[in-house]
Structure formats: C-alpha cells, structure tokens
Amino acid sequence: MTSSIPGDFPVIDHQYAIEARNIVKRFDGETAVDGIDLTIKRGSIFGILGPNGAGKTTMLRMLLGIIDPDEGERFLLGSPNPISKSHQVGYLPEERGLYQSMKAYDAIAFMGALRGLPLATGRRRGRQMMEDHGLGRAADKQIRQLSKGMAQTVQLLGTIVHQPELIILDEPFSGLDALNQGKLERLIRAQADNGVTVIFSTHVIAHAERLCEEIAIVANGKIPFTGKVSTARDRLPPQVTLETRNLNGPWRAAIPADCQPLGHNWSFTLPESGVEPLLRALIEGDAGIESLSIERPGLHDAFVHIAGEAVANKMAQDTAGNGEAA
Amino acid sequence: MIENIRAAYVIARRDFTAIIFSKSFFFFLLGPLFPLAIGLAAGSLGAQVSEDIDQPVIGVALERGESAKLVKARSALARNLGSGSLPELIILNDVSPADPDIKDRLNSGPRPLTAILSGSLEAPNLTGSQRDVKRWSGKVALLAETALSAPQPVMVEVDFVAETDSSEKRAQLGIAQGGQVILILLTMILAGMVLSNLVEEKTNKIIEILAAAIPMDAIFLGKLFAMLGMALVGITVWSSLGFIGVSVMNAGIPDLPAPAVGWPLFSVLMVLYFSMAYLLLGSLFLGIGAMATTVREVQTLSMPVTMGQLLVFFLAATSVTKLGEPIEWFAVIFPFSSPFAMIARAAQMDNIWQHGLALAWQGLFTLIIIRFSVILFRRNVMKSGSGARKKNLFARMRG
C-alpha cells in the first residue's frame, strides 16, 4: 500500500524500519558497499556486526540519507527520502561531535530541535534526562568542561530526546568503559521495551550476542548473513564435551573416528544423527560417563564460520586495539 | 519547504546566539569604532581647517556709505564674537543695490559668493541658495542692526536661487558613490567571515549530526542568515553610534542633499541591498569555505576572495557615472555587482519598480548558489552521489 504527502516522496507503509535493495557505494573506484540487501523489522534490536572498514558506517550513512548510494534504493520507515523521516529517527554517529561552548542540557535540546522538538521542551527533557542518568550537576556545564564519557552520554541523550521510533547507533560502545557499556546496554533494552527499533553497529560480538534478536554480518562491503542470532549459531552443529572412565569399548564407534582423548576428556562435534543415538551408544557401550555437556556454538564461532577466519581475526584486533570490554 | 525553513531557523538561532553571546562579539563590535574614532577626530580637525579656509563670503551691493557702515559693524562684532563666526564681506562696487540680475552675479566674480546682500540696510535683501540664505540671514540682520544702531530688528528679505540640474545631479552622484562605498566596505568586512563558517562543524564532527537530521540546504541557509543577523546587529550598533556622534558634533542632523528616491526609501534600500550583497557573496564564500578542511585552507582562500570582491566593486564603481550604458546594465544584471549598481541607481533614478525586480533576481540567485554549493559539498566533502570523489577539492589540487 502506498500513499503520498504533497510535495514529498511516496511513502510505503510496511512492517520494515529499514529496507535496502542492492545498494552500492564506491569511493574513487573502490567499492565500499557492494550490493547490499537488508530488511530490518520494526520493534526489534538489530546488530550490524563486522570489523572496522567492512562498510558498516557507509551503509548506515546511506540508510540515513547522509549520502546517496551510487546504485540501488533504500527506504527508511517506508520513505525513499530518509531526511523526510528525521523527526522519527535518532542517530548517534561513530565520530562523536558536539558544540564545545554549549551547555550540556542545551546541546541535548539542540539535537532534539534539529529533529522537530520544540526547544523549550528539549531543554526541560534534557535536564530531566541528565538527572535520571546521574549527571544532573553537569547539566549547566559547557561540553568542553565534561569528561569524554559524560559528553558521550550527553550526545546519546540528545539522540533520543525527541522520543524517536527508530534509533541508529554507530559503534555506540566504542570508547566507553565497562560500567558505561553496561548503562548503554540497559538504555538500549529500555528503548526496545517501549517498542522502539534500535539498530547499532559494533565490532564486539558479545554486545550483539547479548542484545540483539537479529543481526547482519558485514564483511568486505557485503552481507554474508542476516537473520536471527540463533539461526547464525545453528549454522554450526553443537559441540559435545565428554568425560569417560573407560577409554575403549564399542561406544567408540558412536564418536568421530579422528577424535582423540585428552586424558579421559573428549571434545567433538555432535554427529548428525543427534543426541539420543549418541547417548544410547555411550550407555550401552559402557563408556562410564563421568560428565557430558552438549553446547550450541557461540556467535563468535558462527561469525568465524560465516565471515571467515581473516575477517574474524581483523575484528578481534579492532576490539583489542580499542581496549574495549566485551 | 516549511520544514526547510524551520530547520534553517534552528541552525540560524544556534549560530546567532553562539556569536552574539560570545565574548569575542564585543570586540567585533568595538573593532570598527577604533578607526572611526580616529576618523572622527581627524574629521573634526579637518572640519575646523575647512571652516577656516571655506569661510562664507557675502557680496555687498549697497550704497557706498551703507557698505562702509556694514564693514565697520562687522569689525566691531568680530571683536566680541570672533571673526570665524561671521561671514566675510566683499564690497561689490560694480553691482547696483537694485540690480535685477543679481542672481547672475553669484558666480560671475573672481571668487564664488555664498550670497549677495542688496537693497538697503533698513530693507536688506539676501540672495543665494536656500540652504545658505537660511544659514546666514540671521547674521546679516545682526550686522545691519549694528550698522544702523537700530532699536528695532531688521527684517531680511530673502531670494532663493534654485538648485541647478547639474548641481542636483552632482549631489546625487556623490550619494550614489557614497552608498556604494559604504555597502562594499560593510560587505568586505563582514561577508569574508562566512568563509570559515563550516570549519567548526567539520572539525567537531557535528556536520554528521546535522546532515543526518536536516537538509543540507537548510544548514547553509541557516548559517548564512545567522551571519547576516550578526552583521545587521553590528551595523545597527555602529550606525546608531555614528548617528549620535554626528548629531552631537553638528548640533543636529546635517542638511544633506536628497537621493532621487528620497532618504527614507534610500535608507531601506541600503539595508536591503546590503542584505542581498551579503547573502550573494556570503553564499558563495560559504560554498567555497565548505570545501576547505582546515582553518589554514580558509586563510589561504581569504586573499583571492577579497580580490574578487574588489573586482566586483570596481565594476560597480565604474558604472556609477554611466547610467543606462551597457557596462552599467551589465553591473545591474551581474548578480554579485547588482546590489552596488542598484543602490547607485536609487540615488540617481526615482523609479521604484526596478528595485523590486532587482531584489527578486538577487534573492533567486542566492538560492541558486546555495543549491550549487550544497551539491559540491555533498559530492566533495560528504562524498555522496554517483559523482562522489574520495579526495576533496583541495586534496585534488594538491594532487
């Protein structure tokens, strides 16, 4: 179903907060984003996972209308003109920026005013939000007088002061200590609980694993996977960790032939036949089970499997290089 | 459209308050007052010197005996009042007190005369321009009363000489040139500041937040109007102080010749054409400055930009005496010189409709420049669109 606003672009009403079709972006002949298709449902927490330079920020900038794609089309809250939806969107860029001479609560109000919030309302909310986040005493301080963490919080509050229905955060955890990362995670969850769609990019897998219902893995300008976190993990079979009293017996036929014990401990991929045949073989074959655990692989393993070892190593280096907590 | 205006207002309000409430704005306001104070002091000295040199000269065409009495009365009064406060008297022996062509004698002698006193001491007649006659008739009456030792006041008959067409045109030409100089000076002082206007946003990474929230055209427009607002505040302060200063020094507003459209409309047009000149040049400078990535690049740009302004001024100044000629029409139509050429027209031509047309044209061209600047900015700085290049303009110039 389509409708149109006079003087505006046609608006497509559908369930997606974001829809991108084959968007391409090249800089000086080099392809930064290479034909990406992406749909993000409204009301979810969505993570965009990938190392630095994978094309996450370029993709977000195209989705927000900061830059136009060279090819393809994108819809933000149903509109092909993302700026026309800016009142319903909050955006925290990767490179943080605030006017240094502005007072903190004024900076929040200004960011709200840019997106249609009356200045007086923004100032009132700005003060209240700073109080709520334990920064009440800093509300009247200039941005240049705040610590880096406080300034980042001010910018985050400015991103949500106009109560948007879609929040896009580019590397929001970057530069935050563990305490502030925890606060940010709680804030993201609180927004999602209110029905807000939250999209964030990160190169730290743990954040995506803890917060997201769905993710997109970005590598080399492409999206090799998009979907539920559980679906990504299901791409790898579960891992079995077993401790036995006996090292030999007919039960050995039930585990992979190349699996070698470490003492009395065994680690192997769950056979395709599943848990029950394995369990039956271990008991009937008198393995003498001391302990047994069957675990689904983590998102990290799934990421390595999907994006490849090289990309995973690059992302690990990014995380280590930034000294970020997971 | 309404959303664009709202967004531009948000930007303009932020920039305007940030500038106006900064400590540096106080120094900005004070800046022109230092040369102005020196200028006023020099002007005051000059005026005194000028007064001494250009003392009014009144030709006396009275009977010989009355002329002698008048000269004696002047000497007596000069001892108490000072010579400078009285007009110099020259006896016109060859002019009859009842000469019917006395007006022609004003400029026929070896020295130009401010006015001619004829008739008799009991019934003097002062002939001259309205301004001069009004100014000196009181002093002439005083001289006549002193010469006659009259107990009753002497009434001076006055006879005005109409301003000639050529003198009116000369005066209007002077206003045209003065108006142009004031406009170009203000524009040169103030429009160049727009060059560095986007540097703060780029160095502080705020541009990303702005670009994601509102159209780039609104950012440019808002910044331009904030700077125009600041410039108008400065001009209001300076002109108010100047007005007060001139009023105090001259004990009233000086009697100036009127421009063709009259002083009230001319003043309004000065403000409007300054605004247009500022918006036109400012939008161009904003566009150029937006391409620069550092303050150093902006500083490098300042010189060619100033040269460009001077060229525009020379074009307008050349055309001021050539009303209706091709070069003047070119200056009127070429957007960057149009405000300067049009203020010269306001001083010299009394038809008003052309100003509406010119202002509309200048406004339209401002919007065209902003649009073009935004396209360049998005392509070269934001690296947006299919024509985007990775390097910015300066990086490409550097190779």
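Residues numbered from 1 in each chain as written. Chains lettered and ligands numbered in written order. Predicted model: local features only at pLDDT ≥ 70, side-chain atom pairs only at ≥ 80, totals over all residues.

(A) Main features of the packing of helix α10 (residues 263-291) of chain B against helix α11 (residues 295-319) of chain B. Residue and element names in this part refer to chain B. Interhelical geometry of α10 versus α11 gives an angle of 150° and a closest axis separation of 11 Å. As far as their axial angle goes, α11 and α10 are roughly antiparallel. In this structure, the crossing between α10 and α11 has a hand that is right-handed. Residues Leu281, Phe285, Ile288 and Gly289 of α10 form the contact with α11, whose participating residues are Val298, Leu301, Val305 and Gln309. Here the residues of the contact of α10 with α11 are counted per class, giving six nonpolar, two polar and no charged. (Axes fitted to C-alpha atoms, helices over the stretch in contact; angles between N-to-C directions. Helix = DSSP H or I, 4+ residues; strand = E, 2+ residues; numbered from the N terminus. Parallel < 35°, antiparallel > 145°, perpendicular 65-115°, else oblique. Left-handed = near helix turned anticlockwise from the far one by under 90°. Contact = placed C-beta atoms within 7 Å. Nonpolar A, V, L, I, M, F, W, Y, C, P; charged D, E, K, R; others polar.)

(B) Inspection of the interface of chain A and chain B at higher detail. Facing 23 residues of chain A, the contacting portion of chain B comprises 22 residues. A total of four residues in the side of chain A that touches chain B trace back to one element, the largest contributor, which is helix α2 (residues 104-114) of chain A. Its residues placed into classes, the side of chain A that touches chain B shows 13 nonpolar, four polar and six charged.

(C) Up close: the packing of α2 of chain A against helix α3 (residues 119-132) of chain A. Residue and element names in this part refer to chain A. Contact geometry for α2 and α3: axes closest at 8 Å, N-to-C directions at 130°. Relative to α3, the element α2 lies oblique. Note on packing geometry: the crossing formed by α2 with α3 is right-handed. Residue-level inspection shows Ala104, Tyr105, Asp106, Ile108, Ala109, Gly112 and Ala113 of α2 in contact with α3, the latter providing Leu119, Gly122, Arg123, Gly126, Arg127, Met129 and Met130. Here the contact of α2 with α3 is built from residues that sort into eight nonpolar, three polar and three charged.

(D) Structural view of the domain arrangement of chain B. For chain B, the assigned domains are domain 1 (2-35 + 166-398) and domain 2 (55-162). Distance between the C-alpha centres of domain 1 of chain B and domain 2 of chain B: 51 Å. (Domains from an automatic or database assignment.)

(E) Examining the pairing of strand β3 (residues 16-27) of chain A more closely. Residues and elements named next belong to chain A. As paired strands, β3 and strand β4 (residues 30-41) are joined by nine bridges and run antiparallel to one another. The residue bridging alanine 20 from the neighbouring strand is leucine 38, located in β4. Taking the residues that link successive antiparallel strands as the turn, the β3-β4 hairpin has two residues, and the phi of aspartate 28 there is positive, at about 55°. In this sheet, strand β6 (residues 71-76) lies alongside β3 in antiparallel orientation, the contact comprising five bridges. Within β6, the position partnered with valine 24 by the bridge is glutamate 71. (Pairing = 2+ DSSP bridges.)

(F) Inspection of the confidence of the model for chain B at higher detail. All names here are of chain B. In this model, chain B carries an average pLDDT of 80, and 85% of its residues clear a pLDDT of 70 or more. Averaged pLDDT values over the elements of chain B bottom out at 42 in helix α15 (residues 393-398) and peak at 91 in helix α12 (residues 326-333). Every residue in residues 387-399 is under pLDDT 50, and counting partners more than four places away or in other chains gives 21 contacts. In the predicted complex, the global pTM is 0.72; the interface-specific ipTM is 0.80. (pLDDT = per-residue confidence, 0-100.)

(G) The arrangement of the nonpolar core in detail. One finds Ile108 of chain A together with Ile343 of chain B to be the most contacted residues of the largest nonpolar core, which totals 158 residues. Counting residues per element, this core draws most heavily on α10 of chain B, at 15 residues. Counting 20 residues, the second-largest nonpolar core is a separate cluster that includes Val60, Leu113, Ala115 and Leu126 of chain B. (Core = buried A, V, L, I, M, F, W, Y, C linked by C-beta atoms within 7 Å. Buried ≥ 20, exposed ≤ 12 C-beta atoms within 10 Å, placed from the backbone.)

(H) Spatial organisation of the confidence of the model for chain A. Confidence in the prediction for chain A averages 86 pLDDT; 93% of positions are at 70 or higher. Residue range residues 1-13 of chain A is modelled with pLDDT below 50. Its contacts to residues more than four positions away, or to other chains, number 19 contacts.

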